[in-house]
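# Coordinate analysis (summary)
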Amino acid sequence: MATSEGFGELTGRIGNHIYYKVGSQLRIRKMPTKDFSKKVKQGKSFENFREFGTLLAKSSCIGKLIRDSLMDSKADFFDQDTHHRLNALIQEATKLDDEPIVKKKRLLPGNAGLLAGFQFRKSADISSYFSDVAVTEINGEKVLKVGFVNDKATQKFPYAQLSVLILALDPAKLRGSIIGKNTQMYDLMSVKEGFAVPIANVSLEADVIYLVLLQVEPYTTINGLLLRMYEKSYQCLKVIDVMYV
């Protein structure tokens with residue numbers, strides 16, 4: 001059914017035509033027919049369209065798998081922009097598979113390294129707190145080495161809870177879960193020159209992608225009690241490294 005703004009332009013459907021506005025322009029298009037829908041689903045000229053549609057669907061499923069695996073952090077670290085950027089990055093990594101048929105391409109562990117450095121909620125960059133965050137080894141143990149602490153962060157939030165998460169992702173079986181977590185509270189003023197956060201020791205399996213994430217949550221003190229602060233620009237979550245066998 002079409003509607004009218006006062007006695008002016010119509011918008012909506014009349015017969016087989018749809019009237020709609022783009023900005024200040026009134027546009028008209030015909031309703032797609034069943035024959036057209038059939039062409040899209042079966043026609044050879046739409047084969048690439050269908051293949052890339054399948055690739056997009058796969059990327060979206062893996063993105064949802066990551067979001068659901070981080071369910072406890074979902075509200076703080078996911079927004080619409082994060083959703084689109086993550087899906088687009090997964091799609092690019094999947095396209096690196098040598099499989100010539102687009103719809104059969106997979107997100108392979110060797111190509112998942114493209115996800116390293118991905119920042120959830122773009123406005124909350126980890127550089128708000130630290131510099132030079134990287135996975136390294138100290139005395140044979142994997143740790144997350146954190147460079148110097150940003151003075152601006154210590155002035156605003158003197159304490160931060162850091163969690164190093166290991167998310168195991170099996171794209172083929174569409175399974176994902178947090179299999180390792182190490183959480184510690186830090187007095188940022190006392191570790192300004194940098195520090196190391198232990199990483200949980202986990203056994204790696206073939207064909208599984210392991211995302212090492214750093215989650216930072218700011219705290220302050222009120223009457224001697226630690227109180228978490230929820231300013232979104234300081235709720236940080238970032239993929240620091242990607243591991244696989």
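Refer to the structure presented above.
Here's what I pulled together on the structure shown here. Keep in mind that this is a model prediction, so the values were computed, not measured. (Residues numbered from 1 in each chain as written. Predicted model: local features only at pLDDT ≥ 70, side-chain atom pairs only at ≥ 80, totals over all residues. Heavy atoms only, no water.)

### Observations concerning the environment of Lys-192
By secondary structure assignment, the location of Lys-192 is in the loop between β9 (175-187) and β10 (195-198). Exposure remark for Lys-192: the relative accessible area of 26% places this residue in the partly exposed category. With 46 residues separating them along the chain, Lys-192 and Val-146 place their C-alpha atoms 9.8 Å apart. Not counting residues within four places of it along the chain, the set of residues in contact with Lys-192 comprises Phe-148, Val-149 and Asp-151. Engagement of the side chain of Lys-192 in a polar contact is seen with the side chain of Asp-151, the distance being 2.4 Å. (Helix = DSSP H or I, 4+ residues; strand = E, 2+ residues; numbered from the N terminus. Buried < 20%, exposed > 50% of the residue type's maximum accessible area, 1.4 Å probe, protein only. Contact = heavy atoms within 4.5 Å. Polar contact = N/O pair within 3.5 Å; in protein donor to acceptor, adjacent residues only side chain to side chain.)

### Some remarks on the packing of aromatic side chains
Within this structure, the stated rule accounts for seven aromatic pairs. Taking 5.6 Å as the distance between ring centres and 90 degrees as the angle between the ring planes, the aromatic pair formed by Tyr-129 and Tyr-234 counts as edge-to-face. Remark: Tyr-234 occurs in the loop between β12 (225-228) and β13 (236-243) and Tyr-129 occurs in the loop between β5 (119-120) and β6 (134-138); sequence separation between them is 105 residues. The same class applies to Tyr-129 and to Tyr-234, which are both buried. Ring geometry for Phe-157 and Tyr-234: centres 5.0 Å apart, planes at 70 degrees, overall edge-to-face. Of this pair, Phe-157 sits in the loop between α5 (151-156) and β8 (159-170) while Tyr-234 sits in the loop between β12 and β13, and the two are 77 residues apart along the sequence. The residues Phe-157 and Tyr-234 share a single accessibility class, namely buried. Put simply, the rings of Tyr-129, Phe-130, Phe-157, Tyr-186, Phe-195 and Tyr-234 touch in pairs and so form one group of aromatic residues. (Phe/Tyr/Trp six-rings, centres within 6.5 Å; stacked < 30°, edge-to-face > 60°.)

### A short note on the sheet that holds strand β7 (residues 141-146)
Strand pairing in a sheet relies on backbone hydrogen bonds, with the paired strands running either antiparallel or parallel. The strand order across the open sheet formed by three strands is β6-β7-β10, and the pairing between neighbours is antiparallel. Each having just a single partner strand, β6 and β10 make up the two edges of the open sheet. The mean inter-strand angle of the sheet, taken between neighbouring strand axes irrespective of direction, is 45 degrees. When β6 meets β7, the two strands line up antiparallel, connected through five bridges. Residue pairing for β7: Thr-136 is matched across the bridge by Val-143. (Pairing = 2+ DSSP bridges. Axes fitted to C-alpha atoms, helices over the stretch in contact; angles between N-to-C directions.)

### A closer look at the pattern of salt bridges
Enumeration over the complete set of coordinates arrives at seven salt bridges. The salt bridge involving Asp-79 is made with Arg-121; its shortest N-O contact spans 3.6 Å. With Asp-79 in the loop between α3 (74-77) and α4 (80-95) and Arg-121 in the loop between β5 and β6, the pair connects residues that are 42 residues apart, well separated along the chain. Overall, the relative accessible area of 7% leaves Arg-121 in the buried class. A salt bridge links Glu-217 to Arg-228; the shortest N-O distance between them is 3.1 Å. Of this pair, Glu-217 sits in strand β11 (residues 209-222) while Arg-228 sits in strand β12, and the two are 11 residues apart along the sequence. Each member of the pair, Glu-217 as well as Arg-228, carries the same accessibility label: buried. (Salt bridge = Lys/Arg side-chain N within 4 Å of Asp/Glu carboxyl O.)

### Some words on the nonpolar core
In terms of nonpolar packing, the biggest core is built from 30 residues, with Tyr-129, Phe-130, Leu-162, Phe-195, Leu-214 and Val-216 touching the most fellow members. Secondary structure elements with two or more residues in this core: β7, β8, β10, β11 and β13. Discounting chain neighbours no more than four positions away, the residues touching Phe-195 are Phe-130, Leu-144, Lys-145, Val-146, Val-149, Leu-162 and Tyr-186. Residues Ile-62, Leu-86, Leu-107 and Leu-211 belong to the second largest nonpolar core, which totals 23 residues. (Core = buried A, V, L, I, M, F, W, Y, C linked by side-chain atoms within 4.5 Å.)

The values reported here are purely geometric and, on their own, carry no functional implication.
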